[in-house]
Amino acid sequence: MVRSPGAPPADIPAIRAQGAVDILAEQGTADVLLIAVGSMAGVGVDVAQRLAAQEIGATVVDPRWVKPVPDEIVDLARSHRLVVTIEDNGVIGGVGAAVASALREAGCRTEVRTIGIPQRFLQHASRAQLLEEVGLTAQHIGNRVIGWMSAASEQPEVPSVGDRSAHS
């Protein structure tokens, strides 16, 4: 985690709870599920607003715990086109890896993208400077998600096994 002295971020009230998951924002259609962990929750809400401006719907959740991955995360992932985890922690062995593993085990084929701190030493700086350096800002994350959604919409849809419409 990027640890720096200072006050913790303000609590973001949930618009509703779904089991062990607080739903912080729902913007438009269920395109992207943003799993924003802890202090990154506010960034997740900002990202959802940026995506909405580009007509990309987003649901922002903050799970009350991350391991084991709550079943509600799997359920929500099934109804979205893309899952993006946002954490101010190392990506190797982090929340994103746990979510990807849980979805795979549950047979959920929704793509997972993980945004966090790369596994390298960071120079000493303020928290804001470090988050900017590693791309953990709403602007950087929003741009990445928009790019992923754009690339996904350009891909031809691959019929699933047993999809009869592909054969007619």
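Right, let's walk through the structure included here.

The rules we used
- Residues numbered from 1 in each chain as written.
- Predicted model: local features only at pLDDT ≥ 70, side-chain atom pairs only at ≥ 80, totals over all residues.
- Heavy atoms only, no water.
- Helix = DSSP H or I, 4+ residues; strand = E, 2+ residues; numbered from the N terminus.
- Buried < 20%, exposed > 50% of the residue type's maximum accessible area, 1.4 Å probe, protein only.
- Contact = heavy atoms within 4.5 Å.
- Areas by Shrake-Rupley, 256 points an atom, 1.4 Å probe, with all protein chains shown as cover.
- Polar contact = N/O pair within 3.5 Å; in protein donor to acceptor, adjacent residues only side chain to side chain.
- Axes fitted to C-alpha atoms, helices over the stretch in contact; angles between N-to-C directions.
- Parallel < 35°, antiparallel > 145°, perpendicular 65-115°, else oblique.
- Left-handed = near helix turned anticlockwise from the far one by under 90°.
- Pairing = 2+ DSSP bridges.
- Core = buried A, V, L, I, M, F, W, Y, C linked by side-chain atoms within 4.5 Å.

1. Things to note about the overall build of the protein chain
And step 1. Secondary structure summary: the protein chain contains 5 helices and 6 strands in total.
And step 2. Written out in order from the N terminus, the α and β elements of the protein chain read β-β-β-α-β-α-β-α-β-α-α.
And step 3. Looking at the protein chain as a whole, 40% of its 168 residues are labelled buried.
And step 4. Partitioning the contacts of the protein chain with sequence separation of at least 6, the portion at a separation of at least 24 is 75%.
And step 5. As displayed, the protein chain has an accessible area near 9,600 Å², and 50% of this comes from carbon and sulfur atoms.

2. Examining the environment of Asp88
And step 1. Residue placement: Asp88 occurs in strand 5 (residues 82–90).
And step 2. Judged by its relative accessible area of 6%, Asp88 is buried.
And step 3. Polar contacts involving the side chain of Asp88 include one to the side chain of Ser39, which spans 2.8 Å.
And step 4. Separated by 2.8 Å, the side chains of Asp88 and Arg127 make a polar contact.

3. A word on the packing of helix 1 (residues 41–53) against helix 5 (residues 138–154)
Helix packing for two helices is described by the angle between their axes and how far apart those axes are.
And step 1. Relative orientation of the contacting elements helix 1 and helix 5 amounts to 50 degrees, with a least axis distance of 9 Å. Taken together, the axes of helix 1 and helix 5 are oblique relative to one another. Between helix 1 and helix 5 lies a crossing of right-handed hand. Two secondary-structure elements touch here, helix 1 through Val43, Asp46, Val47, Arg50 and Leu51 and helix 5 through Ala138, Gln139, Ile141, Gly142, Val145 and Ile146.

4. A few points about the sheet that holds strand 6 (residues 111–117)
And step 1. Here 6 strands make up an open sheet; going across it, the order is 1-2-4-3-5-6 and the pairing mixed. Strands at the two margins of the open sheet, each flanked by one partner only, are strand 1 (16–18) and strand 6. Neighbouring strand axes in the sheet, compared pairwise and without regard to direction, differ in orientation by 30 degrees on average.
And step 2. Pairing between strand 5 and strand 6: 6 bridges, direction parallel. Paired with Val84 across the two strands is Arg113, which belongs to strand 6.
And step 3. Packing of helix 3 (residues 95–105) onto the sheet brings it into contact with strand 3 (32–36), strand 5 and strand 6, and relative to strand 5 it is tilted by some 145 degrees.

5. Describing the environment of Asp75
And step 1. Position of Asp75 among the secondary structure elements: in helix 2 (residues 71–78).
And step 2. Relative accessible area serves as the criterion here: at 46%, Asp75 is assigned to the partly exposed category.
And step 3. Taking the C-alpha atoms as reference points, Asp75 and Cys108, 33 residues apart in sequence, are found 8.9 Å from one another.

6. Focus: the nonpolar core
And step 1. Membership of the largest hydrophobic core comes to 28 residues, with the highest contact counts inside it found for Val32, Leu34, Val84, Leu136 and Val145.
And step 2. Every element with two or more residues in this core is listed here: strand 2 (21–27), strand 3, helix 1, strand 4 (58–63), strand 5, strand 6 and helix 5.
And step 3. If you tally residues by element for this core, the top one is helix 1, at 6 residues.
And step 4. Leave out the neighbours within four places in its chain, and Leu34 touches Gly44, Val47, Ala48, Leu51, Ala58, Thr59, Val60, Val61, Val84 and Ile86.
And step 5. Residues Val21, Ile73, Val74 and Leu76 belong to the second largest nonpolar core, which totals 18 residues.

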